[in-house]
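Letter by letter, the chains look like this.
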Amino acid sequence: GCGGSDNSGDKATGGQDAPGADALDKASGVTKVTFWHGMKGANGAAVDKLVKAFNSANTGKIEVTAVYQGDYDDTITKYKTSVQQGNTPSVVQIYDIGSRFMIDSKQTVPVQSFADKDGYSLGSIEPNIANYYSIDGKLNSMPFNTSMPLLYINKEAFVKAGLDPLKPPTNLDEIMAAAKKLTIKQGGKTVQYGFNAAIYGWFMEQLIAQSGTTYCDNENGRKDLATKVNFADEQGVKIADWYQQMVKLGYMPNTGKKTDDAQAVFKSGTSAMHLESTGSLRGYIDAAKGKFTVLTAPFPKVGASDTGGPIIGGASLWVDGQGHSDAEKRASWEFVKFASSPEQQAAWHTGTGYFPINSKALDLPADKAWVAQYPQFTTAITQLHNTKPSNPSSGCILGVMPQARKAAEDGIEKAVLGTDPQKAMTAAADSIKPQIDQYNKTVKK
Ligand SMILES: O=P(O)(O)OC[C@H](O)CO
């Protein structure tokens, strides 16, 4: 998504300063760290494993308790409430599009200030990813679960339809044509859909980036604060129209906005193609075991001649600075540092599908052996490395990006239910405008 910042334009960096390394040494007894996150299923299990490994390496010193808070939206909402009530967690996982809000809140301690104080090098973080979460070259939050959107393929469904699973469709028209061949009806009932995807604003953001155009004005909010979203322009309307057609023609079920519901369709083997994050890969492979083969392909372009690229997705870890002792803040830093280490990122990569934020992770034997067995895990890495940095592919910076995403979803949903796509997306874009104006006013003050 969008909330991450590059190092152009923005001045503000986080809020607070890191305590020195001695703070933790001076603490008596075990320092407790609460970690709020939004990972479940295979990914939740991988979080628990990470926390367990950290705690056993820090017995008698630090104890991290991981608390699942629901999805990313739930987690940021609960975090906002905790800020108001003055009982924030020590560390919180916030999705990419919440980054602008987190920076403006001045609630957190930039991880860069710990690294600087310790003379700790952040140099092994993938440059693309570090750049995404940095302003003026300073890292705000620790990248943790970094993703790319992918096209998922049910290999056996392709083979059965006489399609080559290794030559998957690359744009929306090609998906429609393939979906037609892959949709199977029996006695008037659809037993296999050619394609399925949630009505998820992230896909709209990604497709617009793929088209090489920007999601919001002022160069995706990088030249100046963005004042409006562009998803009612040509590309956004084309995407909403495509969703409408896919459902109308019966190639795709309308499972609504919940990604869980769309994921369930693909996991059950009743859809031949599917859009999701690479972060779903491990869960999909486990679910499909013995039933079908999950393949991954690059995320589609809108049109064949598009020259854009996808945006880095996922979430990062923020160290909260308000109402926590110096020892606790140091302990939080120790934890996020651990989470970003090559060993832990290799375990995370293979256990989830998110690609490692630490470039050294890919060289570890455990990671190499896994990827040799499951080459599906390389699609996202290749896609990231192939993406040329640009304003469109860096995503839109907007303080109210979560709300803008919801507005886009409302627009697509209306289109799917029959509203003219242009009308639906224009209404959606108009609906978010007052919130953008309001947010910008508070930031400029
Ligand atoms: O599902 P994830 O973790 O890859 O995240 C997708 C989006 O970037 C969240 O805003």
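Residues numbered from 1 in each chain as written. Predicted model: local features only at pLDDT ≥ 70, side-chain atom pairs only at ≥ 80, totals over all residues. Heavy atoms only, no water.

1. A word on the overall build of the chain
Now for step 1: Assigned secondary structure in the chain consists of 20 helices and 13 strands.
Now for step 2: Taking 445 residues into account, the globule formula puts the C-alpha radius of gyration at 22 Å, and the chain, at 22 Å, falls close to it.
Now for step 3: The principal-axis extent of the C-alpha atoms belonging to the chain is close to 70 × 50 × 35 Å.
Now for step 4: Classification of the 445 residues of the chain by burial places 59% in the buried group.
Now for step 5: Approximately 17600 Å² of the chain is accessible, and the part contributed by carbon and sulfur atoms is 52%.
Now for step 6: Within the chain, the 45 negative side-chain charges are centred at a point lying 3 Å from the centre of the 46 positive side-chain charges. (Helix = DSSP H or I, 4+ residues; strand = E, 2+ residues; numbered from the N terminus. Rg over C-alpha atoms; globule rule 2.2 N^0.38 Å. Buried < 20%, exposed > 50% of the residue type's maximum accessible area, 1.4 Å probe, protein only. Areas by Shrake-Rupley, 256 points an atom, 1.4 Å probe, with all protein chains shown as cover. Lys, Arg positive; Asp, Glu negative; His and termini not counted. Charge placed at Lys NZ, Arg CZ, Asp CG, Glu CD.)

2. Remarks on the domain arrangement of the chain
Now for step 1: Domain boundaries in the chain define domain 1 (22-146 + 313-363) and domain 2 (149-309 + 391-444).
Now for step 2: Taking the mean C-alpha position of each, domain 1 and domain 2 sit 29 Å from one another.
Now for step 3: On the domain 2 side, the residues contacting the 18 residues of domain 1 number 21 residues.
Now for step 4: Buried surface at the junction of domain 1 and domain 2, both sides included, amounts to about 1400 Å², of which 52% is carbon and sulfur.
Now for step 5: Joining domain 1 to domain 2, the criterion identifies two salt bridges.
Now for step 6: The partner of Lys40 in a salt bridge is Asp260, and the shortest N-O contact between them spans 2.6 Å.
Now for step 7: In this assembly, domain 1 and domain 2 are joined by six residue pairs in polar contact (both at pLDDT 80 or more).
Now for step 8: Of all elements in the fold, only α2 (41-57), α3 (72-85), α4 (99-105) and α15 (342-352) reach the threshold of two or more residues within the side of domain 1 that touches domain 2.
Now for step 9: The class makeup of the residues in the side of domain 1 that touches domain 2 is six nonpolar, six polar and six charged. (Domains from an automatic or database assignment. Contact = heavy atoms within 4.5 Å. Buried area = accessible area lost by both parts, 1.4 Å probe. Salt bridge = Lys/Arg side-chain N within 4 Å of Asp/Glu carboxyl O. Polar contact = N/O pair within 3.5 Å; in protein donor to acceptor, adjacent residues only side chain to side chain. Nonpolar A, V, L, I, M, F, W, Y, C, P; charged D, E, K, R; others polar.)

3. Section: the nonpolar core
Now for step 1: Among the nonpolar cores identified, the biggest contains 131 residues, and Phe195, Tyr215, Phe231, Tyr243 and Met273 are the most heavily contacted of them.
Now for step 2: Both domains that furnish three or more residues to this core are identified here as domain 1 (22-146 + 313-363) and domain 2 (149-309 + 391-444).
Now for step 3: When near neighbours in sequence (up to four residues on either side) are disregarded, Phe195 contacts Leu151, Ile175, Ala179, Trp242, Met246, Tyr251, Met252, Pro253, Ser271, Met273, His274 and Leu275. (Core = buried A, V, L, I, M, F, W, Y, C linked by side-chain atoms within 4.5 Å.)

4. Description of the environment of Trp348
Now for step 1: Relative to the helices and strands, Trp348 is located in helix α15.
Now for step 2: Classification of Trp348 as buried rests on a relative accessible area of 3%.
Now for step 3: Along the primary structure Trp348 and Ala404 are separated by 56 residues, whereas in three dimensions their C-alpha atoms are 30 Å apart.
Now for step 4: Those residues within four positions of Trp348 in sequence are excluded, and the remaining contacts are Met39, Asn43, Ala46, Val47, Phe144, Asn145, Gly353 and Tyr354.

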